[in-house]
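Chains, contacts and geometry: an overview
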Amino acid sequence: MADGSQLLSASRRDVLAGAGLVLSFTVAGKAGAAEAGGAGGKLNAYVRVAPDNSVTIVSKNPEVGQGVKTMLPMLIAEELDVDWSQVRTEQAMNDFATYGRQFAGGSMATPLHWDELRRVGAAARMMLVAAAAQGWGVPATECTTASGVVHHAGSKRKATYGSLATKAAQITVPDLKTVPVKDPKDYKIIGQPLRQVDTDAIVTGKPLFGIDVVVPGMLYATYEKAPVFGAKVAGADLAAAKGVKGVRDAFVVEGGTALDGLLPGVAVVADSWWAARKGRDQLNTRWVEHPTAAQSSAAFAAKAVELSKAAPGKTERNDGDVEAALKGAAKTVEAAYAYPFISHANLEPQNCTAHFKDDKVEIWAPTQNPEPGRQLVAKTLGIAPEAVSIHMVRGGGGFGRRLMNDYMVEAAWISKQAGAPVKLLWTREDDMRHDFYRPAGWHFLKGGVNAAGDVVGWHDHFVTLGENGTAARSAGMSPTEFPARFVPNYRYDLSMMPCGVPTGPLRAPGSNAIAFVVQSFIDELAHAAGADPVAFRLKLLGEKPMVGDAPSGYAAGRMAAVVKLAAEKSGWGRTLPKGSGLGIAFHYSHLGYFAEVAEVAVAPDGAIKVVKVWVAADVGRQIINPFGALNQVEGSVLDGLSGALHQKITIENGAAVESNFTDYGLMRINEAPPIETHFIKSDNSPTGLGEPALPPIVPALCNAIFAATGKRIRQLPIDTAMLKSG
């Protein structure tokens with residue numbers, strides 16, 4: 001993110017009559033009071049104060065259920081010193097020149113905006129106070145604010161922000177570096193549990209999501225792509241599709257070879273989506289043979305085993321002498337772990353509405369990453385990026401899938417060829433069979449402990465997807481991944497195999513699988529050492545509060561604290577009935593430190609009941625919206641459990657087999673356990689919550705199953721047949 005620490009002096013322009021104060025703040029670090037729709041450079045305002053004293057605050061980032069449309073405006077509203085009841089929120093358009101990157105990913109909304117947006121609100125408040133002070137002829141330092149009103153105690157005068165807005169718009173905007181912000185003890189909005197601003201619209205079914213968009217003259221489209229990713233069209237019965245009532249056109253799109261761009265396919269455009277769908281049924285599309293058609297999940301797994309027995313492609317980290325350490329260890333453990341491709345399975349399938357006209361295209365999309373989408377559309381259609389405008393529409397789940405914009409470029413291309421605005425809506429089968437999947441992976445581990453129960457050696461030969469020394473999207477692992485730096489003799493070897501399956505980030509990318517492997521194997525070593533799993537982990541974390549240097553330092557002290565808290569709250573060590581067990585795991589990702597305990601009961605037939613989950617988290621000194629925080633933690637835990645218990649995408653003949661919720665399960669409400677969450681408020685800047693609660697739950701579940709049954713889970717999803725008694 002570009003530096004956002006400086007505000008430009010505002011141009012002294014009057015705002016439109018009755019429009020009130022408009023405050024802008026750009027990613028280039030410049031902001032100003034600006035005329036709404038006025039002359040000069042385009043400024044996309046964050047704050048708008050109306051004469052009736054209502055305040056509109058714009059949320060810059062895409063909303064996909066993570067609550068950012070509520071949380072980011074809370075930061076501004078707090079320092080503006082208005083009541084939340086006065087606030088209305090609006091979703092920003094994609095505007096890179098004003099906002100810089102606008103994206104929903106990496107749990108970065110809080111760390112990137114905690115300071116900057118509070119200061120935007122504080123700057124606006126200072127301008128309003130200055131306007132009042134000038135009008136009253138008193139020092140600004142004698143004025144106070146509350147609930148959108150400026151007060152001067154000495155003269156007993158007061159003025160609403162709405163009455164001051166026009167004058168405030170002419171005040172020079174203060175330098176953000178000099179703008180004071182509130183002491184946390186004075187917070188009235190930050191730290192309060194607030195509902196998402198869209199909750200009423202969601203529960204009453206009002207049009208809100210990308211799938212709800214309607215524009216005048218809009219047609220509907222489907223787009224059929226090859227089961228084998230990237231295969232070209234050999235032929236299709238276009239006339240048959242066009243013969244279906246309501247179908248306007250059907251045509252082949254040549255497309256390209258980039259899996260994240262416009263791929264070959266056949267579009268059907270109609271007066272209704274159902275007509276387009278029925279027309280598609282008549283296409284009988286034939287596909288050109290593709291070289292990746294021979295790939296399969298079974299072949300990948302077999303190749304991984306083969307590569308594990310050979311010299312690695314490269315060694316990513318090699319501390320000490322692992323071979324000597326393992327040879328001299330009192331106990332050694334060897335294990336192979338594997339996890340499959342999984343789908344994002346957004347409840348709202350991919351969709352986009354586009355209107356291409358006069359070499360410009362207007363887009364309505366539930367994207368997590370609009371600016372790369374704008375660039376992709378411009379490049380593919382051969383127009384300037386400035387000719388592409390994107391309305392960011394609320395997404396019905398993202399989890400990383402909507403960081404890609406393939407559906408956006410498809411809609412734009414179809415609209416251009418159809419000569420009309422078009423809503424493209426994928427089927428559930430399209431969505432599941434044309435995902436950017438969480439990549440599969442294979443870890444071949446050896447570890448050793450000494451007589452004192454210390455981990456003395458750790459070797460991981462990680463076999464992943466990729467080629468030419470570069471891992472596929474989200475298929476890598478950092479050389480500093482725990483327990484690197486905590487084990488004196490540690491080696492991480494890496495081998496890769498080519499893959500034609502598109503992969504990409506899925507909630508807590510990398511970590512969602514790596515934590516399963518690392519924390520499960522730590523549990524195996526604890527068992528080999530005859531140690532309590534909690535005590536073993538605390539010993540491994542050690543006594544140093546920080547291991548390594550910034551930016552990749554690991555705050556072992558913070559992690560130890562959440563481990564202790566999770567163990568305490570779960571009643572770790574208590575006696576449980578036969579067939580029940582507790583499991584613990586921890587993981588650091590997305591700047592958050594999380595430890596989780598799962599309690600399970602395993603029936604004689606292998607059925608698993610997750611009885612309860614305890615979460616302990618350290619994401620810094622402030623929880624901005626406790627409701628939103630709990631939503632994110634609980635959703636992450638359920639997401640992780642769902643994946644571990646049910647989810648797998650199988651590749652056969654180069655294509656995804658699973659296609660709908662009939663063969664790709666999601667956790668049902670009757671399976672969802674109660675989740676108890678505790679936050680440690682440490683003296684660290686606040687960080688995000690969309691992802692870091694997910695990784696620990698998978699190994700915590702698997703370790704609990706071992707405690708209940710004595711059987712290790714080394715492959716996902718969990719096969720309950722192996723858990724049957726007898």
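Residues numbered from 1 in each chain as written. Predicted model: local features only at pLDDT ≥ 70, side-chain atom pairs only at ≥ 80, totals over all residues. Heavy atoms only, no water.

Quick look at the packing of helix H1 (residues 68-80) against helix H3 (residues 109-136)
- Remark: H1 packs on H3, axes separated minimally by 6 Å, with the N-to-C direction vectors making an angle of 40°. Handedness of the H1/H3 crossing: right-handed. Side by side, H1 and H3 meet where Val-68, Met-71, Leu-72, Leu-75, Ile-76, Glu-79 and Leu-80 of the first sit next to Ala-109, Thr-110, His-113, Trp-114, Leu-117, Arg-118, Val-120, Gly-121, Ala-122, Ala-124, Arg-125 and Leu-128 of the second.
- Its residues placed into classes, the contact of H1 with H3 shows 13 nonpolar, three polar and three charged. (Axes fitted to C-alpha atoms, helices over the stretch in contact; angles between N-to-C directions. Helix = DSSP H or I, 4+ residues; strand = E, 2+ residues; numbered from the N terminus. Left-handed = near helix turned anticlockwise from the far one by under 90°. Contact = heavy atoms within 4.5 Å. Nonpolar A, V, L, I, M, F, W, Y, C, P; charged D, E, K, R; others polar.)

Looking at the side chain of His-113
- By secondary structure assignment, the location of His-113 is in helix H3.
- Note on His-113: relative accessible area 3%, which makes it buried.
- Within the structure, the side chain of His-113 is placed 3.2 Å from the side chain of Lys-60, a separation counted as a polar contact.
- A polar atom in the side chain of His-113 sits 2.8 Å from the backbone oxygen of Ala-109. (Buried < 20%, exposed > 50% of the residue type's maximum accessible area, 1.4 Å probe, protein only. Polar contact = N/O pair within 3.5 Å; in protein donor to acceptor, adjacent residues only side chain to side chain.)

Some points on the domain arrangement of the protein
- The domains assigned to the protein are domain 1 (41-181), domain 2 (212-290 + 350-425) and domain 3 (297-342 + 438-723).
- Computed from C-alpha coordinates alone, the two centres of domain 1 and domain 3 are separated by 42 Å.
- Contact between domain 1 and domain 3 buries roughly 960 Å² in total, counting both sides, with carbon and sulfur atoms accounting for 66%.
- If you sort the residues of domain 1 by the area they bury against domain 3, Ser-107, Thr-110 and Trp-114 come out on top, with a joint share of 48%.
- At the boundary of domain 1 and domain 3, one finds three residue pairs in polar contact (both at pLDDT 80 or more).
- At the level of secondary structure, the elements contributing two or more residues to the side of domain 1 that touches domain 3 comprise H1 and H3.
- It is H1 that provides the largest number of residues to the side of domain 1 that touches domain 3, a total of four residues.
- Looking at the side of domain 1 that touches domain 3 residue by residue, the classes come out as five nonpolar, seven polar and no charged. (Domains from an automatic or database assignment. Buried area = accessible area lost by both parts, 1.4 Å probe.)

Describing the nonpolar core
- Judged by nonpolar contacts, the single largest core of 83 residues is most densely connected at Trp-458, Phe-482, Leu-541, Tyr-554, Leu-701, Leu-716 and Ile-718.
- Top element by residues in this core is helix H13 (residues 511-529). It accounts for ten residues.
- Setting aside residues no more than four positions away along its own chain, Tyr-554 makes contact with Phe-482, Arg-485, Phe-486, Leu-541, Pro-545, Met-546, Val-547, Met-559, Phe-586, Tyr-588 and Tyr-593.
- Listed in part, the 48 residues of the second largest apolar core include Val-55, Ala-109, Leu-128 and Val-129. (Core = buried A, V, L, I, M, F, W, Y, C linked by side-chain atoms within 4.5 Å.)

Digging into helix H17 (residues 697-709)
- Compared with an ideal rise of 1.5 Å per residue, which puts 13 residues at 18 Å, H17 spans 18 Å between its outermost C-alpha atoms and is within 8% of the ideal.
- Along H17, eleven of the 13 residues are buried, which leaves the element largely enclosed by surrounding structure.
- Within the span of H17, buried status applies to Ile-697, Val-698, Pro-699, Ala-700, Leu-701, Cys-702, Asn-703, Ala-704, Ile-705, Phe-706 and Ala-708.
- Taken together, the buried residues of H17 touch H13, helix H14 (533-541), strand E24 (580-589), strand E25 (592-602), strand E26 (608-618) and helix H16 (626-646).
- Where H17 terminates, the next one or two residues include Gly-710, which has phi positive at roughly 80°. (Expected span 1.5 Å × (residues − 1).)

Side note on the sheet that holds E26
- Strand order in this open sheet of four strands is E24-E25-E26-E29, and the pairing throughout is mixed. Lying at the two open borders of the sheet, with one neighbouring strand each, are E24 and strand E29 (675-679). Strand-to-strand twist across the sheet, computed as the mean angle between neighbouring axes with direction ignored, equals 15°.
- The pairing of E24 with E25 spans ten bridges and is classified as antiparallel. (Pairing = 2+ DSSP bridges.)

Focus on the pattern of salt bridges
- Applying the stated criterion across every chain yields a total of 34 salt bridges.
- A salt bridge links Glu-348 to Arg-402; the shortest N-O distance between them is 3.4 Å. Placement of Glu-348 in the loop between strand E15 (331-339) and strand E16 (351-357) and of Arg-402 in the loop between strand E18 (388-392) and helix H11 (406-418) is noted, with a sequence separation of 54 residues between them.
- In this structure Arg-402 comes out as buried when scored by relative accessible area, which is 0%.
- Asp-454 is the partner of Lys-539 in a salt bridge, and the nearest nitrogen-oxygen pair spans 3.2 Å. (Salt bridge = Lys/Arg side-chain N within 4 Å of Asp/Glu carboxyl O.)

Describing the packing of aromatic side chains
- What the rule picks out here adds up to 14 aromatic pairs.
- Both rings, one in Trp-273 and one in Trp-274, keep their centres 6.5 Å apart while their planes meet at 45°; by these two values the pair is tilted.
- Plain terms: the ring middles of Tyr-554 and Tyr-588 are 5.7 Å apart, the flat faces sit at 65° to each other, and that makes the pair edge-to-face. Placement of Tyr-554 in the loop between H14 and helix H15 (556-570) and of Tyr-588 in strand E24 is noted, with a sequence separation of 34 residues between them. (Phe/Tyr/Trp six-rings, centres within 6.5 Å; stacked < 30°, edge-to-face > 60°.)

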